[in-house]
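For reference, the chains in residue letters:
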Amino acid sequence: MTTRVNPLSRRLIAPLRWAALLSLLVSVGVFFAGAGAAQAAPACGVLSTGAASQANDAVRSACGLIGTPYSWGGGHGSKPGATYGLCDPANGAPNDCNVRGLDCSGMVRYAYYLAVGEDVINGTTRTQWPTSRAVARYYEADGTAPLLPGDLVYFGNTASTIHHVAMYLGQGWIVEAPYSGGYVRVAALSSHDDYYGAIRLYGSGGSTTPPAGGGTYWVDTFANAPVYGSPTSTSSTGTLYQGTNYVYCKAWGREVSSGGGYNHWWLKTDPDVGSSGQWVSAFYLSRWGNDTAKDNNGTTIPDC
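Residues numbered from 1 in each chain as written. Predicted model: local features only at pLDDT ≥ 70, side-chain atom pairs only at ≥ 80, totals over all residues. Heavy atoms only, no water.

Participant: Requested: an account of the overall build of the protein chain, with residues and values cited.
Facilitator: Check the secondary structure of the protein chain and you find 4 helices and 14 strands. Looking at the protein chain residue by residue over its 304 residues, the buried ones come to 43%. Put simply, of all contacts in the protein chain between residues at least 6 apart along the chain, 60% involve residues at least 24 apart. (Helix = DSSP H or I, 4+ residues; strand = E, 2+ residues; numbered from the N terminus. Buried < 20%, exposed > 50% of the residue type's maximum accessible area, 1.4 Å probe, protein only. Contact = heavy atoms within 4.5 Å.)

See the structure below:
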């Protein structure tokens, strides 16, 4: 039996085939264009300038750990270095007590130890973040522009929920120990969506240059505030009266808190009662929130 083909149908087949082929080529082009947009990770190393020599050495040490297995709790022995971790299924680490390696905070601890020969950043992510050894401290609101190689970048929505740390390389890249089953690697800082802030362990500090004309910053305080001889002292040495006052710079110290408010920053100032060059908690600033130290214009007060 012969099938009769309508001449009109024959004329439509060729254009339809070309349309289908064109559609396929466009799809392939879109796919490869998208693939090309993903930037390949660079070789691990110091990717920008300006950091202290100790920080650059820490970056190189961290890069020497590339490929080390991640192990939950690894790296937290009495001395820095790889150790067997903890088996903790609740934290996604069911087998890590059988894996010798480093977790994220153990990795940055070991890298700095290799670089400077001293255990300068022991502890877990949440206890590392408030370290008094930091010479500069940055937050998400400061952006990533102030960051330098060797800075430790922390992730979490609040200070109390920080859960991860990595070391900054420069140009938006980090070296990190990522998760159970993974290995120390280079990744984009933007691959984490909850960047909280960063600390710097070596360098000149200060994210802001003191202004001309005396280097003072004007702030409003909401109450008479006790002042102290240092950011860690507990014996008051005088009083800064409520109102508009000037301060010189800031340093990280003991927490002052009340209710839901808290602040670890301390501001160097000349009090109304007591000798000059004393310290007042930024907790008493009228205009800003927790762990923030800005003047009345919103300028971040520089580190001392």
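Participant: Explain the state of the cysteines to me, using residue names and the numbers behind them.
Facilitator: Throughout the structure, instances matching the rule amount to 3 disulfides. Here Cys44 pairs with Cys63 through a disulfide, and the sulfurs are 2.0 Å apart. Disulfide Cys44-Cys63: the torsion about the S-S bond is -75 degrees, which places it as left-handed. Of this pair, Cys44 sits in the loop between α1 (7-37) and α2 (53-63) while Cys63 is found in helix α2, placing the two residues 19 residues apart along the sequence. What makes Cys44 partly exposed here is its relative accessible area of 24%. (Disulfide = S-S within 2.5 Å.)

Participant: So what about the pairing of strand β12 (residues 243-258)? Which residues, and what values?
Facilitator: The pairing of strand β9 (residues 217-221) with β12 spans 5 bridges and is classified as antiparallel. From the neighbouring strand, Thr221 faces β12, where its bridge partner is Gly243. Bridge analysis of β12 against strand β13 (residues 261-269) gives 7 bridges, and the strand direction is antiparallel. Bridge pairing links Ala251 to Trp266 in β13. Taking the residues that link successive antiparallel strands as the turn, the β12-β13 hairpin has 2 residues, and the phi of Gly259 there is positive, at about 60 degrees. (Pairing = 2+ DSSP bridges.)

Participant: So what about the packing of aromatic side chains? Which residues, and what values?
Facilitator: This model, assessed by the stated rule, comprises 13 aromatic pairs. Seen from their ring centres, Trp252 and Trp265 are 4.8 Å apart, and the 85 degrees between their planes marks the pair as edge-to-face. Highlighted residues: Trp252 in strand β12 and Trp265 in strand β13, separated in sequence by 13 residues. For Trp252, a relative accessible area of 7% gives the class buried. Take Trp265: its relative accessible area is 3%, and that puts it in the buried class. Aromatic pair Phe283 and Tyr284: ring centres 5.5 Å apart, planes at 90 degrees, arrangement edge-to-face. Through a chain of ring-to-ring contacts, three or more aromatic side chains come together here, namely Trp129, Tyr139, Tyr154 and Tyr196. Over the face of the ring belonging to Trp129 we find Arg137, whose NZ or CZ atom lies 4.8 Å from the ring centre. We note Arg254 situated over the ring of Tyr228; from NZ or CZ to the ring centre the distance is 4.7 Å. (Phe/Tyr/Trp six-rings, centres within 6.5 Å; stacked < 30°, edge-to-face > 60°. Lys NZ or Arg CZ within 6 Å of the ring centre and 35° of its normal.)

Participant: Any chance you could break down the pattern of salt bridges for me, citing the residues and the numbers?
Facilitator: Here the structure, examined in full by the defined rule, presents 7 salt bridges. Here Asp119 and Arg109 are joined by a salt bridge, their closest N and O atoms 2.8 Å apart. In this pair, Asp119 is assigned in the loop between α3 (104-116) and α4 (125-128) and Arg109 in helix α3, connecting sequence segments 10 residues apart. For Asp119, a relative accessible area of 28% corresponds to the partly exposed category. The buried category is assigned to Arg109, whose relative accessible area is 1%. (Salt bridge = Lys/Arg side-chain N within 4 Å of Asp/Glu carboxyl O.)

Participant: With reference to specific residues and values, describe the sheet that holds strand β11 (residues 236-240).
Facilitator: In sheet architecture, strand pairing relies on hydrogen bonds along the backbone and comes in two forms, parallel and antiparallel. Within the open sheet, the 6 strands sit side by side as β9-β12-β13-β14-β10-β11. Their pairing is antiparallel. The open sheet has two free edges, formed respectively by β9 and β11, since each of these has just one partner strand. For this sheet, the mean angle separating the axes of adjacent strands, direction not counted, is 45 degrees. (Axes fitted to C-alpha atoms, helices over the stretch in contact; angles between N-to-C directions.)

Participant: With reference to specific residues and values, describe the sheet that holds strand β3 (residues 136-139).
Facilitator: The strand order across the open sheet built from 6 strands is β3-β8-β4-β5-β6-β7, with neighbouring strands paired in antiparallel fashion. Single-partner strands in this sheet number two, and they are β3 and β7 (185-188). On average, adjacent strands in this sheet sit at an angle of 30 degrees to one another, irrespective of strand direction. Relative to strand β8 (residues 195-200), β3 runs antiparallel, the two sharing 4 bridges. Bridge pairing in β8 links Arg137 to Ile199. The strands touched by α2 within the sheet are β5 (164-170) and β6 (173-176), with β5 carrying the most contacts at an inclination of about 115 degrees.

Participant: Mind laying out the side chain of Asn245, listing which residues take part and the relevant values?
Facilitator: Tracing the chain through its elements places Asn245 in strand β12. Residue classification places Asn245 among the buried positions, given a relative accessible area of 9%. A distance of 3.1 Å separates the side chain of Asn245 from the side chain of Thr221, its partner in a polar contact. At a separation of 3.3 Å, a polar atom in the side chain of Asn245 contacts the main-chain carbonyl oxygen of Gly243. (Polar contact = N/O pair within 3.5 Å; in protein donor to acceptor, adjacent residues only side chain to side chain.)

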